[in-house]
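Below, each chain spelled out in residue letters.
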Amino acid sequence: MQVSEDIRKLVAYKPGKPIAETQREFGLSRVIKLASNENPLGPSPKALEAVRAHLSDLHRYPDPSGFELSQKISQVWNINKNYIALGNGSNEIIDLLIRIFCEPGEKILTTEKAFLAYPICAQAARVKTLTVPLKPDFTMDLEALAKVALSDSKIRLVFLPNPNNPTGTYVPGAAIEKFLAQVGNRPNLLVIFDEAYNEFVRATDYVSGQSWLSQYPSVVVMCTFSKVYGLAGLRLGVMLAHPEVIDLYHKVRNPFNTNELAQVAAMAALEDKNYLQASQVVVWEGLEQIYQGLRDLGLKFWESQANFVLFDTGRDANLIYDQLLKKGLILRPVGNYGWPRYLRWTVGLKEENQLVLKALKEILPSIPPLD
Ligand SMILES: *Cc1c(COP(=O)(O)O)cnc(C)c1O
């Protein structure tokens, strides 16, 4: 079959190992998945109720405009409705932005060790990805990114995951301000803030890209219902952008890209302030628990503004990953990011985190350290 080299060489995204697969392979009944940054509390009870109430409408096509959900987002996030569009997860929004704004042979720019969806979607559209190394503390190097963005007119989109996955690191508002002063007014260049973990941030100098939407028409912000809102399975992402970008997006997207259950569940989740708060608290407490546990084990980690922790096992991380799987614990190897010694650990419930710490304590001595 004839197909372009870009497609032939594409390496598909490798998601976290599913629970059912792990149960089958290892003959386990109880498996705990802390591999995909999902909400450990399960969905909001209000979202579940909304889904149940709409099950009998499944023979109908969903509202193609997502009218009521957009209205609700507009109120709760305090943003003009003309600035909102929905997607089948932020993943679809990434894919569509690249298809809309990049011609084959043009480029996107992002940081090294960023979410792999950017280069994968780009390559699928025959678009090149340029990257800039992280700083030694694993934060994004906005100065270097600005330099590259200004030096190459083929770059059409800059993706800035803030906080970043898989590092959990962030860049503060002041650095963004400087970055936008340099590149925010370029014709034909959009700056996309991927803020999937925005609600978990505790750093006081963090500022959402939303603050610059009205000042810079080139700014785009992506949010998701997959993380703090606990609806990863229903697939719902949100794009906040200048109405001109929103209009182009509506032309290209599939008419029914977000389904009815996702729309009603997201509305209910937005109203459930208790759930939002509980989801933040379980992650914040879990982070402290995990940091302390990793310190006790003598393992290096990176402080996280998200709901996961990147840590250095000091060993071949795949060996540890395999041993954890046998105990019914799924973490996420990050060898595909070029980090063979590290694992990414999604914050779970207190008992779940405790089980991982206990397992690590048992496993670590049996695996030889690497330098
Ligand atoms: C999890 C995640 C998303 C969310 O993806 P969805 O398609 O909305 O589930 C987006 N960006 C990053 C960096 C993520 O880690």
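Being a predicted model, the structure only gives us computed values, none of them experimental. (Residues numbered from 1 in each chain as written. Predicted model: local features only at pLDDT ≥ 70, side-chain atom pairs only at ≥ 80, totals over all residues. Heavy atoms only, no water.)

(A) Structural context of helix α7 (residues 142-151). Considered for burial, the residues of α7 that qualify are L142, L145, A146 and A149. In an axial view of α7, the angular spread of the buried residues amounts to 100°, which keeps them on one side of the axis. Along α7, the residues that are exposed and aim more than 90 degrees away from the buried face are E143, K147 and S151. Contacts made by the buried residues of α7 are with β3 (107-111), β4 (128-132), β5 (155-161) and α8 (173-183). (Buried < 20%, exposed > 50% of the residue type's maximum accessible area, 1.4 Å probe, protein only. Helix = DSSP H or I, 4+ residues; strand = E, 2+ residues; numbered from the N terminus. Arc of directions from axis to C-beta. Contact = heavy atoms within 4.5 Å.)

(B) Just the environment of Y170, in detail. Inspection of the secondary structure assignment puts Y170 in the loop between β5 and α8. Reaching out from Y170, the side chain makes a polar contact with the side chain of D205 at a distance of 2.6 Å. (Polar contact = N/O pair within 3.5 Å; in protein donor to acceptor, adjacent residues only side chain to side chain.)

(C) Summary view of the nonpolar core. Counting residues in hydrophobic clusters, the biggest one holds 85 residues, and the most contacted among them are W77, F179, F225, V238 and W345. If sequence neighbours within four positions are ignored, F225 has contacts with I73, W77, G230, L231, A232, L236, V238, A266 and L270. With 38 residues, the next largest nonpolar core counts A85, F101, F159 and V334 among its residues. (Core = buried A, V, L, I, M, F, W, Y, C linked by side-chain atoms within 4.5 Å.)

(D) Representation of unusual backbone geometry within the structure. P163 follows N162 through a cis peptide bond whose omega is -5°. Structurally, P163 can be placed in the loop between β5 and α8. In the segment running from N165 into P166, the intervening peptide bond is cis, with an omega of 15°. One can find P166 in the loop between β5 and α8. A positive phi angle, close to 55°, is found at N78, a residue other than glycine. Here N78 lies in the loop between α4 (67-76) and β2 (84-87). Positive phi outside glycine occurs at R126, with the angle close to 60°. Counting through the fold element by element, R126 comes out in the loop between α6 (117-124) and β4.

(E) Inspection of the site of the ligand at higher detail. Neighbouring the ligand are G89, S90, N91, F115, N165, D194, A196, Y197, T224, S226, K227 and R235. Between the ligand and the protein, one listed contact pairs a nitrogen atom with a side-chain N or O atom of D194 at 2.7 Å. Side-chain polar atom of R235 to an oxygen atom of the ligand: 2.7 Å apart, as the coordinates give it. Burial of the ligand by the protein chains amounts to 93% of its free accessible area of 390 Å². Split by residue class, the shell around the ligand holds 3 nonpolar, 6 polar and 3 charged. (Near = heavy atom within 4 Å. Areas by Shrake-Rupley, 256 points an atom, 1.4 Å probe, with all protein chains shown as cover. Nonpolar A, V, L, I, M, F, W, Y, C, P; charged D, E, K, R; others polar.)

(F) Looking closely at the sheet that holds strand β10 (residues 308-312). Spatial ordering of the open sheet is given by β9-β10-β13-β12, a layout of 4 strands whose pairing is antiparallel. Both edges of this open sheet fall to β9 (300-301) and β12 (332-334), since each of them pairs with a single strand only. Direction of pairing for β9 relative to β10: antiparallel, over a ladder of 2 bridges. Bridge pairing in β10 links F301 to F311. Lying over the sheet, helix α11 (residues 273-296) contacts β9, β10 and β13 (339-346), oriented at roughly 10° with respect to β10. (Pairing = 2+ DSSP bridges. Axes fitted to C-alpha atoms, helices over the stretch in contact; angles between N-to-C directions.)

(G) View of the packing of helix α3 (residues 45-53) against helix α10 (residues 260-271). Viewed as axis vectors pointing N to C, α3 and α10 meet at an angle of 145°, and their least axial separation amounts to 8 Å. At the point where α3 passes α10, the crossing takes the right-handed sense. Note on element contacts: α10 touches α3 through L261, V264, A265 and A268, opposite K46, A47, A50 and V51. Taken together, the residues of the contact of α3 with α10 break down into 7 nonpolar, no polar and 1 charged. (Left-handed = near helix turned anticlockwise from the far one by under 90°.)

(H) Structural view of the side chain of E195. Residue position: E195 is located in the loop between β6 (190-194) and β7 (219-224). Within the structure, the side chain of E195 is placed 2.7 Å from the side chain of S208, a separation counted as a polar contact. Those residues in contact with E195 that sit more than four places away from it in its chain are N162, Y206, S208, G209, V221, M222 and C223.

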